[in-house]
Amino acid sequence: EPEVTQTPSHQVTQMGQEVILRCVPISNHLYFYWYRQILGQKVEFLVSFYNNEISEKSEIFDDQFSVERPDGSNFTLKIRSTKLEDSAMYFCARGTSTDTQYFGPGTRLTVL
Amino acid sequence: GIQVEQSPPDLILQEGANSTLRCNFSDSVNNLQWFHQNPWGQLINLFYIPSGTKQNGRLSATTVATERYSLLYISSSQTTDSGVYFCAVTGTASKLTFGTGTRLQVTL
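Summarised in this report is the structure supplied together with it. Predicted model only: the values in this text are computed from it and were never measured.

## Brief notes about the packing of aromatic side chains
Applying the stated criterion to the full structure yields 15 aromatic pairs over all chains. Look at Y35(A) and F45(A): their rings are 5.9 Å apart centre to centre, the planes differ by 70°, and that puts the pair in the edge-to-face class. With Y35(A) in strand β4 (residues 31-37) and F45(A) in strand β5 (residues 44-50), this residue pair connects regions lying 10 residues apart in the sequence. Since its relative accessible area comes to 7%, F45(A) is described here as buried. A cation sits over an aromatic face here: R22(B) above Y69(B), 4.2 Å from the ring centre.

Shown next as structure tokens:
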């Protein structure tokens, strides 16, 4: 199965700090997604990114969040000022609406 | 947006038993996937099945798109099958909408 990797696997941060979650390395893919899963809940869509632009975002994806593909391979999710409620598992995925979407192993973010 | 409902929410089986998990969705879909979330939180692809029937070992899945449901069959369950099973769909947009999952526990 095509591999999607994420770093770090775990991140602990203090409330108000900035965090950057990474999807690495990815090449020759156009469609990327970030999803999150609060402990014990279902997986929720955050944002889709096509051809280096945001194509859709959910109401969760407010001004505190941003996505980038800074060097053509890494795909990052930045949370500018973390809140307690941002504690969750964050998944990166690639794929399209008419084919299998492949998920990375996730980054578990804990905000203290 | 599309609504996705899964049933049952919880299921406890003895090893060797068979089970059927159901996923209902509220609108036509372009993509339907079944995932197994393991105890480490990883989402493992089981099937990409917007319509028809597929089988992979002890697992099989059927999607009846015209009636807006999908079924996941687990036969001869093993303790390693424990975890949460998610159904997820896409409509006109490419994002996946997930159901709330079925938590399966297989006991010895």
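After presenting the structure, the write-up continues.
## Topic: the sheet that holds strand β1 (residues 6-7) of chain A
Residue and element names in this part refer to chain A. One open sheet holds the four strands; their spatial order is β1-β3-β8-β7, and the pairing between them is antiparallel. A single partner strand is all that each edge strand has here, and the edge strands are β1 and β7 (65-68). Judged from the two bridges that link them, β1 and strand β3 (residues 19-23) form a sheet pairing that is antiparallel. Bridge pairing in β3 places Q6 opposite C23.

## Some remarks on the sheet that holds strand β1 (residues 4-7) of chain B
Residue and element names in this part refer to chain B. Read from one edge to the other, the open sheet built from five strands follows the order β1-β3-β8-β7-β6, with strand pairing classed as antiparallel. Only two strands of the sheet have a single neighbouring strand rather than two, namely β1 and β6 (52-56). Averaged over neighbouring strand pairs, the angle between their axes works out to 15° when direction is ignored. Bridging between β1 and strand β3 (residues 19-25) involves four bridges; their strand directions are antiparallel.

## Regarding the interface of chain B and chain A
If you look at the interface, chain B gives 20 residues, while chain A gives 23 residues. Between chain B and chain A, a total of about 1,700 Å² is buried, with carbon and sulfur atoms accounting for 53% of that surface. Inspection of the region where chain B meets chain A yields one salt bridge. For the salt bridge of K95(B) with E56(A), the shortest nitrogen-to-oxygen distance reads 3.2 Å. Linking chain B with chain A are eight residue pairs in polar contact (both at pLDDT 80 or more). Elements represented by at least two residues in the side of chain B that touches chain A include exactly β4 (31-37), β5 (43-48) and β9 (83-90) of chain B. Here the element with the most residues in the side of chain B that touches chain A is β4(B); it accounts for four residues. The class makeup of the residues in the side of chain B that touches chain A is eight nonpolar, 11 polar and one charged.

## Side note on the side chain of T13(A)
As for its placement among the helices and strands, T13(A) is situated in strand β2 (residues 10-13). Those residues within four positions of T13(A) in sequence are excluded, and the remaining contacts are V19(A), T82(A), L109(A), T110(A), V111(A) and L112(A).

## Let's talk about the state of the cysteines
Residue and element names in this part refer to chain A. Taken as a whole and judged by the stated rule, the model has two disulfides over all chains. Disulfide pairing is shown between C23 and C92; the S-S distance is 1.7 Å. Across the S-S bond of C23 and C92 the torsion is about -115°, and the bridge reads as left-handed. You can see C23 sitting in strand β3 and its partner C92 sitting in strand β9 (residues 88-94), a full 69 residues away along the chain. For the pair formed by C23 and C92, the shared burial category is buried.

So, how was this worked out
- Residues numbered from 1 in each chain as written.
- Chains lettered and ligands numbered in written order.
- Predicted model: local features only at pLDDT ≥ 70, side-chain atom pairs only at ≥ 80, totals over all residues.
- Heavy atoms only, no water.
- Phe/Tyr/Trp six-rings, centres within 6.5 Å; stacked < 30°, edge-to-face > 60°.
- Helix = DSSP H or I, 4+ residues; strand = E, 2+ residues; numbered from the N terminus.
- Buried < 20%, exposed > 50% of the residue type's maximum accessible area, 1.4 Å probe, protein only.
- Lys NZ or Arg CZ within 6 Å of the ring centre and 35° of its normal.
- Pairing = 2+ DSSP bridges.
- Axes fitted to C-alpha atoms, helices over the stretch in contact; angles between N-to-C directions.
- Contact = heavy atoms within 4.5 Å.
- Buried area = accessible area lost by both parts, 1.4 Å probe.
- Salt bridge = Lys/Arg side-chain N within 4 Å of Asp/Glu carboxyl O.
- Polar contact = N/O pair within 3.5 Å; in protein donor to acceptor, adjacent residues only side chain to side chain.
- Nonpolar A, V, L, I, M, F, W, Y, C, P; charged D, E, K, R; others polar.
- Disulfide = S-S within 2.5 Å.

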